[in-house]
Amino acid sequence: MAFESGADFESSVKAAYAALMAATKAAGRLPSDLSFHRTLDETLDTHLAATSTRTLRLANALWTPVTNPPGRKLGGIDDVAQQHEQGAWAAAPGFSRVVGSIDTLLERIDVGLDEVLRRPAHAQRQHAVGAQTKIPATGAVRKAQGSVGKPQLAFDDAVDNSSAPFAWRIKEKPHALVPLQHVVGAGDAMDSHLASLGVGFEMPHPYAHEIENQPVAAQLYEQREPREPKPWDDTPFEFVDQPEALDRMMRLVRGASEVAIDLEHHSYRSYQGFTCLVQLSTRTHDFVIDALTLRSHLHVLNEITADPSVVKVLHGAESDVLWLQRDFGVYLVGLFDTYHASHVLNMPHHSLAHLLRTYCSFEADKKHQLADWRVRPLPADMMAYARSDTHFLLYVFDRMRNELVERGRRLVGCDVGTPGEAYFGQLNLGEGHSVVQAPGDAMDVVVRRSRQTALRRYVKEAYDADHGLGANGWSSVLRKWRQHALDSYGLAVFRALHRWRDACARAEDESPAFVMPTHMLFAVAERAPKDVATLLAACRPNAPPLVRLHAVEIVALVKQAEEAAKKREEEFGALVGEAHREAVGGNEAAAPTHIRFDQQDEEEEEDEREDVLTEEVLAGARALVAPVSGLFGNVQHTEHVSNAARRAQEIRRTLVLTVAMPVE
């Protein structure tokens with residue numbers, strides 16, 4: 001589909017979204033006994049049948065091009081969902097295939113947006129708390145991410161994508177109970193000494209003692225009159241992108257008893273990712289800080305964030321605390337995470353959008369959630385979106401704090417965790433906490449969980465070539481993309497490509513998805529291209545730039561992986577044959593064609609022939625075994641067998657064909 005202007009694209013997206021929402025709401029209103037109603041009304045049955053056929057046709061048109069193999073279609077609802085006799089629905093075998101196809105589509109959309117255009121920046125949002133105010137908008141069309149450049153090249157600190165442990169960025173420790181130099185592992189001298197010995201270790205959390213032991217702000221346990229945020233246009237706002245502006249902001253923020261904080265992050269054109277914006281709001285001011293320009297200056301935020309008397313209000317801070325540590329050496333002491341509060345209050349949804357809707361009657365426009373926050377200068381609508389994430393958050397905090405305190409007092413002695421009880425569900429204190437024991441129980445749970453979030457440490461993920469462990473390891477990818485069935489050679493190629501992709505991403509400071517999207521990784525592993533043309537053809541719709549750049553290297557890597565797999569298979573076959581000959585003592589006639597280990601062979605029960613393996617064979621076998629039972633069939637079990645026979649039997653019980661070993 002071609003668009004004459006950004007407005008055409010904008011209107012098409014809005015129309016598609018509106019249609020999707022309407023369809024979703026309509027489906028939600030359908031009765032659970034729809035099949036019964038169809039038997040009563042022939043017109044309804046005919047209409048639903050036609051709608052189902054059209055929906056299936058549209059669904060197949062959407063994801064058939066990206067299925068594996070291409071062109072594989074869904075036959076009906078039974079392919080993706082099955083209804084039990086009790087009426088409950090469960091995923092059918094084809095469900096994972098549909099999920100994988102949708103993942104592939106989303107990955108292609110991401111690549112397409114990177115190469116073509118960003119959506120136009122038309123936006124209008126209104127605030128329902130206080131006077132309704134329009135947020136500024138711009139009609140500019142933003143181009144692809146590739147036109148933004150790589151701001152990390154201008155960072156004062158060099159990017160380190162190695163597997164070496166993460167080193168602290170913090171040099172000073174405001175509001176310390178334990179001085180920085182007394183924390184284990186602190187100090188450049190210690191780091192240098194350990195590095196000279198070739199020793200690396202994960203450094204401890206520098207503020208762990210303070211987070212666990214500093215007193216909690218008293219206001220958390222007090223009901224106070226909620227303070228509505230000032231109207232949008234009446235709230236002083238500043239975009240902080242110079243050291244002087246940062247100093248001015250710090251002077252204005254000092255003395256605040258609570259601040260709201262949020263971050264905007266980018267990860268597609270960086271291996272570890274980096275923070276682009278820090279949003280900070282007080283009761284009177286809103287700030288958006290350019291974290292790209294002021295990256296090396298933002299450690300001063302610890303004067304506020306590490307002060308236990310200042311409540312730091314964030315929503316869903318698990319990633320934020322890690323990004324603050326990694327990029328600025330900033331830590332949170334006295335965190336109040338509204339996400340945890342929403343769980344303790346047993347709210348039906350836990351997103352920030354739901355909290356804004358509940359407490360502020362404000363519908364958050366999340367179209368910029370996946371925006372490219374590296375863009376400079378920031379368009380007005382993106383600036384407004386970033387600012388709005390913290391503008392309302394302190395009012396949300398007021399309302400949630402009061403609810404936690406009020407319910408805690410009112411429900412002392414009540415059972416809130418047992419179904420059927422009068423107060424069931426009014427608080428969710430977690431497993432094992434059914435009865436409210438004290439007025440502060442609810443707030444105590446939020447404080448404890450917020451502390452656990454603040455205690456998270458940023459740890460760099462090392463690449464595990466052997467076992468594929470870790471969030472981005474090859475084993476994790478295989479489990480997620482289960483619809484791709486690889487044989488032993490395909491698995492060997494997949495592991496080699498996955499390792500190359502990670503190494504290339506680290507060296508170029510790109511995300512693995514930018515280097516080679518996962519659906520392409522599987523496509524190349526399945527086709528095992530022998531030449532550059534076949535490789536590029538496997539990378540539908542377009543080969544990424546780094547794949548084109550390293551095409552010859554990738555083809556050679558595929559060949560090397562296949563040859564290594566074939567060699568290991570041959571070595572394994574020879575090892576099994578030698579072990580077999582040793583076991584039967586040269587008497588081939590006495591050896592069964594297929595050996596089994598999970599049952600006794602009664603016909604040869606009286607044969608007490610000893611199995612003998614040489615130490616050389618045993619040593620070779622140990623390097624290739626993995627615990628598996630019943631792979632090779634029967635073996636004789638006798639009461640009187642030698643130690644060598646037992647060892648031979650154990651080796652044969654645990655042998656497994658393992659040809660997809662790491663490529664050196």
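Residues numbered from 1 in each chain as written. Predicted model: local features only at pLDDT ≥ 70, side-chain atom pairs only at ≥ 80, totals over all residues. Heavy atoms only, no water.

## Some remarks on the environment of Ala537
Selection criterion: In this description a helix means any DSSP run of H or I spanning at least four residues, a strand means any run of E spanning at least two, and both kinds are numbered starting from the N terminus. Relative accessibility under 20% of the residue-type maximum defines a buried residue, over 50% an exposed one, and the middle range a partly exposed one, all with a 1.4 Å probe and only protein chains included.
If you trace the backbone, Ala537 turns up in helix α19 (residues 532–538). Note on Ala537: relative accessible area 41%, which makes it partly exposed. Taking the C-alpha atoms as reference, Ala537 lies 9.9 Å from Arg527; in sequence the two are ten residues apart.

## Examining the pattern of salt bridges
Selection rule: Salt bridges are counted wherever a side-chain nitrogen of Lys or Arg sits within 4 Å of a carboxyl oxygen of Asp or Glu.
Tallied over the full model, the rule gives 23 salt bridges. A salt bridge links Asp160 to Lys460, with the shortest nitrogen-to-oxygen separation between them at 3.1 Å. Of the two residues, Asp160 is situated in the loop between β4 (141–143) and α5 (188–196) and Lys460 in the loop between α14 (441–454) and α15 (474–480); the sequence distance between them amounts to 300 residues. On the basis of relative accessibility, which here comes to 10%, the residue Lys460 falls in the buried class. In this structure, the salt-bridge partner of Glu406 is Arg410, at a minimum N-O distance of 2.8 Å. You can see Glu406 and its partner Arg410 sitting in helix α13 (residues 393–410), four residues apart, about one turn around the helix. What you see here is one network of salt bridges that share partners, running through Asp157, Arg169, Arg295, Arg326 and Asp327.

## Quick notes on the sheet that holds strand β8 (residues 286–290)
Applicable threshold: Pairing between two strands requires that DSSP report at least two bridges joining them. The axes used here are C-alpha line fits, helices contributing only the stretch in contact, and every angle between their N-to-C directions lies in the interval 0 to 180 degrees.
Pairing within the open sheet is mixed, and its six strands lie in the order β5-β8-β7-β6-β9-β10. In this open sheet, the two edge strands, each paired with only one partner strand, are β5 (237–240) and β10 (335–337). Geometrically, the sheet is characterised by an average inter-axis angle of 25° between neighbouring strands, direction not taken into account. Two strands pair when backbone bridges link them, and strand β9 (residues 311–314) and β10 are joined in this way by three bridges, in the parallel orientation. When the bridges of β10 are listed, Lys312 appears paired with Leu335.

## Topic: the environment of Thr358
Selection criterion: In the analysis that follows, any N or O atom pair within 3.5 Å is treated as a polar contact, provided that within protein one partner can donate a hydrogen and the other can accept it, and provided that, for residues neighboring in sequence, both atoms belong to side chains.
Assignment of secondary structure puts Thr358 in helix α11 (residues 352–360). Looking at Thr358, its side chain comes within polar contact range of the main-chain oxygen of His354, at 2.8 Å.

## Describing the packing of aromatic side chains
Put simply, the rule reads: Planes of paired rings set the category: under 30 degrees apart is stacked, over 60 is edge-to-face and the rest tilted, where pairs are Phe, Tyr or Trp rings (Trp by its six-membered ring) whose centres lie within 6.5 Å. The criterion for a charge sitting over a ring is simple: Lys NZ or Arg CZ within 6 Å of the ring centre, and within 35 degrees of the ring normal.
Applying the stated criterion across every chain yields a total of nine aromatic pairs. Between the aromatic rings of Trp373 and Tyr385, the centroid separation amounts to 5.8 Å while the plane-to-plane angle is 25°, which identifies the pairing as stacked. Residue Trp373 is located in the loop between α11 and α12 (380–391), and its partner Tyr385 is located in helix α12; the two are separated by twelve residues in the primary sequence. On the accessibility criterion, Tyr385 (3% relative accessible area) is buried. The aromatic ring of Tyr207 is capped on one face by Lys173, whose charged end is 5.1 Å from the ring centroid. For Arg326, the ring lying beneath its charged end belongs to Tyr458, and the centroid distance is 5.7 Å.

## Describing the packing of helix α16 (residues 488–508) against helix α18 (residues 518–527)
Rules: When an angle is under 35 degrees it counts as roughly parallel; over 145 it counts as roughly antiparallel; between 65 and 115 it counts as roughly perpendicular; any other value is oblique. In this scheme the handedness of a crossing depends on how the near helix is turned from the far one: anticlockwise by less than a right angle means left-handed, clockwise means right-handed. Note on definitions: a residue-residue contact is assigned when non-hydrogen atoms from the two residues lie within 4.5 Å.
α18 packs onto α16 with a crossing angle of 140° between their chain directions and a minimal axis gap of 8 Å. For the element pair α16 / α18, the angle class is oblique. Two packed elements cross with a definite hand, and for α16 against α18 that hand is right-handed. Here α16 contributes Gly490, Val493, Phe494, Leu497, His498 and Arg501 to the contact with α18, which in turn contributes Thr518, Leu521, Phe522, Val524 and Ala525.

## Some words on the side chain of Asp307
Tracing the chain through its elements places Asp307 in the loop between α8 (302–305) and β9. A distance of 2.8 Å separates polar atoms of two side chains, one belonging to Asp307 and the other to Ser309. Among all residues touching Asp307, those that are not within four sequence positions of it are His175, Asn302, Lys312 and Val333.

## Let's talk about empty space enclosed by the protein
The cut-off we apply is this: Computed over the protein atoms alone on a 1 Å grid, cavities are sets of points where a 1.4 Å probe fits but cannot get out and pockets are open sets with protein on both sides within 12 Å along at least five of seven lines; a residue lines them when it has an atom within 4 Å of a point. Grid points are joined across faces, edges and corners, and a volume is the space filled by probe spheres set on the points. Residues are sorted three ways: Asp, Glu, Lys and Arg are charged, Ala, Val, Leu, Ile, Met, Phe, Trp, Tyr, Cys and Pro are nonpolar, and all the rest, Gly among them, are polar.
All told, the structure shown has four cavities of 30 Å³ or more when counted by the stated rule. Taken as a whole, the second largest cavity encloses approximately 170 Å³ of empty space. Lining the second largest cavity are 18 residues, and of these Val216, Val333, Gly334, Leu335 and Arg451 sit closest to its centre. At the level of elements, α6 (208–213), β10 and α14 are the ones that each hand at least two residues to the lining of the second largest cavity. Considering only residue class, the lining of the second largest cavity consists of 13 nonpolar, three polar and two charged.

## Quick word on the pairing of strand β7 (residues 274–281)
Taken across its eight residues, β7 has eight buried, putting it largely inside the fold. Where strand β6 (residues 258–266) and β7 come together, seven bridges link them in antiparallel fashion. Bridged to Ile261 within β7 is Leu280. One ladder, built from five bridges, connects β7 with β8; its direction is antiparallel. Bridge assignment links Val278 to a residue of β8, and that residue is Ile289.

## Some thoughts on the packing of α13 against α14
At a closest axis distance of 7 Å, the pairing of α13 and α14 adopts a crossing angle of 135°. By the angle between their axes, α13 is oblique relative to α14. Counting all contacts with α13, which are made through Arg401, Leu404 and Val405, the residues of α14 involved are Ala442, Met443 and Val446. Split by residue class, the contact of α13 with α14 holds five nonpolar, no polar and one charged.

## Details of the pairing of β8
Among the five residues of β8, five are classified as buried, and the element is accordingly described as predominantly covered. Along β8, one buried face is formed by Asp286, Val288 and Asp290 and the opposite face, lined by Phe287 and Ile289, is buried too. As defined by bridge partners, β5 adjoins β8 across four bridges and the pair is classed as parallel. Within β8, the position partnered with Phe237 by the bridge is Asp286. Hairpin remark: β7 followed by β8, antiparallel, with four residues in the connecting loop.

## Looking at the nonpolar core
Let me state the cut-off plainly: In plain words, nonpolar cores are sets of buried Ala, Val, Leu, Ile, Met, Phe, Trp, Tyr and Cys residues tied together by side-chain atoms within 4.5 Å.
Formed by 41 residues in total, the largest nonpolar core has its most connected members in Val240, Met249, Val278 and Leu298. Per-element accounting of this core gives the leading share, five residues, to helix α7 (residues 243–253). Non-local contacts of Val240, meaning those with residues more than four positions away in its chain, are made with Ala245, Leu246, Met249, Phe287, Val288, Ile289, Asp290 and Leu294.

## Digging into the confidence of the model for the chain
To keep it simple, the criterion reads: Each residue carries a pLDDT score, the predictor's own confidence in it, on a scale running from 0 to 100.
Of all residues in the chain, 73% attain a pLDDT of 70 or more, and the chain-wide mean is 81. Counting interchain partners and residues more than four positions distant, the pLDDT-below-50 stretch residues 117–146 has 99 contacts. Here residues 625–641 is modelled with pLDDT under 50, and outside its nearest four sequence neighbours on either side it reaches 50 contacts, counting other chains as well.

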